[in-house]
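# Coordinates in review
If you want the building blocks of each chain, they are given just below.
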Amino acid sequence: MTARRLIAAVLAAGVVGGAAATAEAQLKRITIGSNPAGSTYFLLAGGFAKHFQQDLKIRSTAQPHAGSSVYLPLMDKGEIVMGLNSSLDSGLAVAGKGRFKNKIRNVRMLARVWILPYAYMVKESSGIKTLEDLRGKKVTVKVKTNVSLEQTNRTVLATAGLTEKDIIPIDSGGVVNGINMVVENRAAATTVALAMPAMRKTHATVPGGLRVLGLGKLANDEMLAKGIAGLYSMKVKPSKRFPFVREPITIGAFDSYLNASAAKVGDEDAYRLAKSLHSNWKKLQKDYGPLRGTPQDGLAPASTSMPYHPGAIKYYKEAGLWTAAHDAGQAKVLSMVK
């Protein structure tokens, strides 16, 4: 190599290296939107903030809000860098439904971080064994603190051919409030996330314990997703973790995503964030219990209700997690954003 070519190569490497360094250093601070202090989302947001600050040396903080519908628009505008959002809220945001009067177009998914098994529950002493048995009973449908759960509850009931005309629909002030309503006989059934500590505590204190109800005979993943994007089915069986599951059943489930503002997080930063999560997932699971239900390779599901960030896609391809099914899922959800 001549001296002139050597100098040119060195200069070129410096330019490329400088550009890469600039791209990597573009994200100076991370704010992670979450639900209020004391919630699982706030716990996880704080955990991710601590992790990114230690692993990527980016100043990071958790920022609590009243709910996902509040901070998703802020992410869309680039006022918040990242946020924890359910697949249900993400789907409504992309479609511009529910509380989202306008489509959220500038938010992209980095990873699925939490899987929430979701179902109606009753007291075992009630004699109710199936969703069909709820006909004519007082059942919580509307959740005042979460609009997406209201539509989810309607969808779950529909798997048994039930509408609000077939039951006595009542409102709850939240999931824990709904559990209390069942315990106090103000409701026959309410929906819960099975992993909630309140479920295990209540099961241990109520005479006879609790029972989780499986989906109805009409249930399939296509029906659930049509009812509300982001909802799907999963099988559960009796275990020490879920003692209120009395026999193997199929219930609903939805995910929680770690999403990013496309206005703030470039491709290189999204790549680094996804890599940091995937590479350190087992450590994060050890430190934060809710993450243990999501396997390391489950961070990138093929079907999502929020489009992936291009930088995250680049990493998942390199990690061997991206498939043709992912391409199809990405194309489908991107068509909703347009």
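Residues take numbers from 1 onward in each chain, read along the sequence in its written order. Totals for whole chains, interfaces and linings use every residue, but because this is a predicted model, local features are given only for residues with pLDDT of at least 70 and side-chain atom pairs only at 80 or more, for both listing and counting. With hydrogens and water excluded, all non-hydrogen atoms of the structure serve as input to the side-chain values.

### As for the overall build of the protein chain
Runs of E in the DSSP output that reach at least two residues are strands. Runs of H or I that reach at least four are helices, and both are numbered from the N terminus. For the protein chain, the helix and strand inventory stands at twelve helices and ten strands. Taking 20 Å as the expected radius of gyration for a compact globule of 338 residues, we find that the protein chain reaches 22 Å, a close match to that expectation. Overall, the protein chain is about 85 × 40 × 35 Å in size when its C-alpha atoms are taken along their principal axes. Burial analysis of the protein chain (338 residues in total) assigns 49% to the buried set. Sequence separation of at least 24 residues holds for 72% of the intrachain contacts in the protein chain that already meet a minimum separation of 6. Summed over its atoms, the accessible surface of the protein chain is roughly 15700 Å², and 55% of this surface lies on carbon and sulfur atoms. As a reference, a globule follows 2.2 Å times the number of residues to the power 0.38, and the radius of gyration itself is taken over C-alpha atoms. Relative accessibility decides the category of a residue: with a 1.4 Å probe and only protein chains considered, values under 20% of the type maximum give buried, values over 50% give exposed, and everything between is partly exposed. Contacts between residues were defined by any pair of non-hydrogen atoms, one from each residue, lying within 4.5 Å. Only the protein chains shown count as cover for residues, and all accessible areas are computed by the Shrake-Rupley method using a 1.4 Å probe.

### What to know about the layout of surface pockets
The space that makes up the largest pocket amounts to roughly 1200 Å³. As for the largest pocket, its lining consists of 44 residues, and the residues nearest its centre are Asn 35, Ser 39, Thr 40, Trp 114 and Val 175. Looking at the lining of the largest pocket, the elements that each hand over two or more residues are helix H2 (40-56), helix H3 (68-77), helix H4 (87-95), strand S4 (107-123), helix H5 (147-158), helix H6 (175-183) and helix H7 (197-205). Here the lining of the largest pocket gets five residues from one element, more than from any other, and that element is S4. Just so you know the grouping, Ala, Val, Leu, Ile, Met, Phe, Trp, Tyr, Cys and Pro go in nonpolar, Asp, Glu, Lys and Arg go in charged, and all remaining residues, Gly too, go in polar. Tallied by class, residues from the lining of the largest pocket come to 25 nonpolar, 14 polar and five charged. Grid points spaced at 1 Å and placed over the protein atoms alone form the basis of the search, with a cavity being a set where a 1.4 Å probe fits but cannot get out and a pocket an open set showing protein on both sides within 12 Å along at least five of seven lines. Lining residues have an atom within 4 Å of a point. Grid points are joined across faces, edges and corners, and a volume is the space filled by probe spheres set on the points.

### Focus on the nonpolar core
By size, the foremost hydrophobic cluster in this structure holds 98 residues, and its most contacted members are Phe 48, Phe 52, Met 82, Leu 134, Val 212 and Tyr 316. With twelve residues, the single largest contributor to this core is S4. Here, the term nonpolar core denotes a set of buried Ala, Val, Leu, Ile, Met, Phe, Trp, Tyr and Cys residues that are joined through side-chain atoms within 4.5 Å.

### Quick look at the side chain of His 326
Mapped onto the secondary structure, His 326 falls in helix H12 (residues 324-337). Using a relative accessible area of 6% as the deciding quantity, one classes His 326 as buried. Side-chain polar atoms of His 326 contact the backbone oxygen of Ala 300, separated by 2.7 Å. Leave out the neighbours within four places in its chain, and His 326 touches Ala 300, Pro 301, Ala 302, Tyr 308 and Leu 321. Pairing of N or O atoms within 3.5 Å defines a polar contact, subject to two protein rules: one partner must be a possible hydrogen donor and the other a possible acceptor, and residues neighboring in sequence count only if both atoms are side-chain atoms.

### Remarks on the packing of aromatic side chains
Pairing of aromatic rings covers Phe, Tyr and Trp, the last counted by its six-membered ring, and requires centre-to-centre distances within 6.5 Å; plane angles under 30 degrees mean stacked, over 60 mean edge-to-face, and any other angle means tilted. Per the counting criterion, the structure on display carries seven aromatic pairs. Summarising the aromatic geometry, the rings of Tyr 271 and Tyr 315 are spaced 5.8 Å apart at their centres and angled 80° between planes, so their arrangement reads as edge-to-face. Of this pair, Tyr 271 sits in helix H9 (residues 267-279) while Tyr 315 sits in helix H11 (residues 310-318); the two residues are 44 residues apart in sequence, bridging distant segments of the chain. Both residues of the pair, Tyr 271 and Tyr 315, count as buried. On the numbers, 5.1 Å between centres and 80° between planes, the contact of Tyr 308 with Trp 322 is edge-to-face. Separated by 14 residues along the polypeptide, Tyr 308 in the loop between helix H10 (281-287) and H11 and Trp 322 in the loop between H11 and H12 bring together distant segments of the chain. The exposure class of Trp 322 is buried, given its relative accessible area of 12%.

### Remarks on the environment of Leu 284
With respect to the helices and strands, Leu 284 occurs in helix H10. By relative accessible area, Leu 284 is classed as buried at 4%. The spatial distance from the C-alpha of Leu 284 to the C-alpha of Phe 48 is 8.4 Å, given a sequence separation of 236 residues. Other than its neighbours up to four places away in sequence, Leu 284 contacts Phe 48, His 51, Leu 277 and Leu 291.

### Things to note about H3
Buried within H3 are the following residues: Ser 68, Tyr 71, Leu 72, Met 75 and Asp 76. Down the axis of H3, the sector holding all buried residues measures 155°, keeping them to one side. On its buried face, H3 is in contact with strand S1 (29-34), H2, strand S3 (82-86), H4, S4 and strand S10 (249-261). Of the residues flanking the end of H3, it is Gly 78, one or two places downstream, whose phi is positive at about 85°. Directions pointing from the helix axis toward each C-beta atom define the arc.

### What to know about unusual backbone geometry
For Lys 57, which is not glycine, the phi torsion reads 60° and is therefore positive. Among the structural elements, Lys 57 can be located in the loop between H2 and strand S2 (59-64). Positive phi is not limited to glycine here, since Asn 185 has a value of about 65°. Here Asn 185 shows up in the loop between H6 and strand S7 (190-193). The exposure class of Asn 185 is exposed, given its relative accessible area of 58%.

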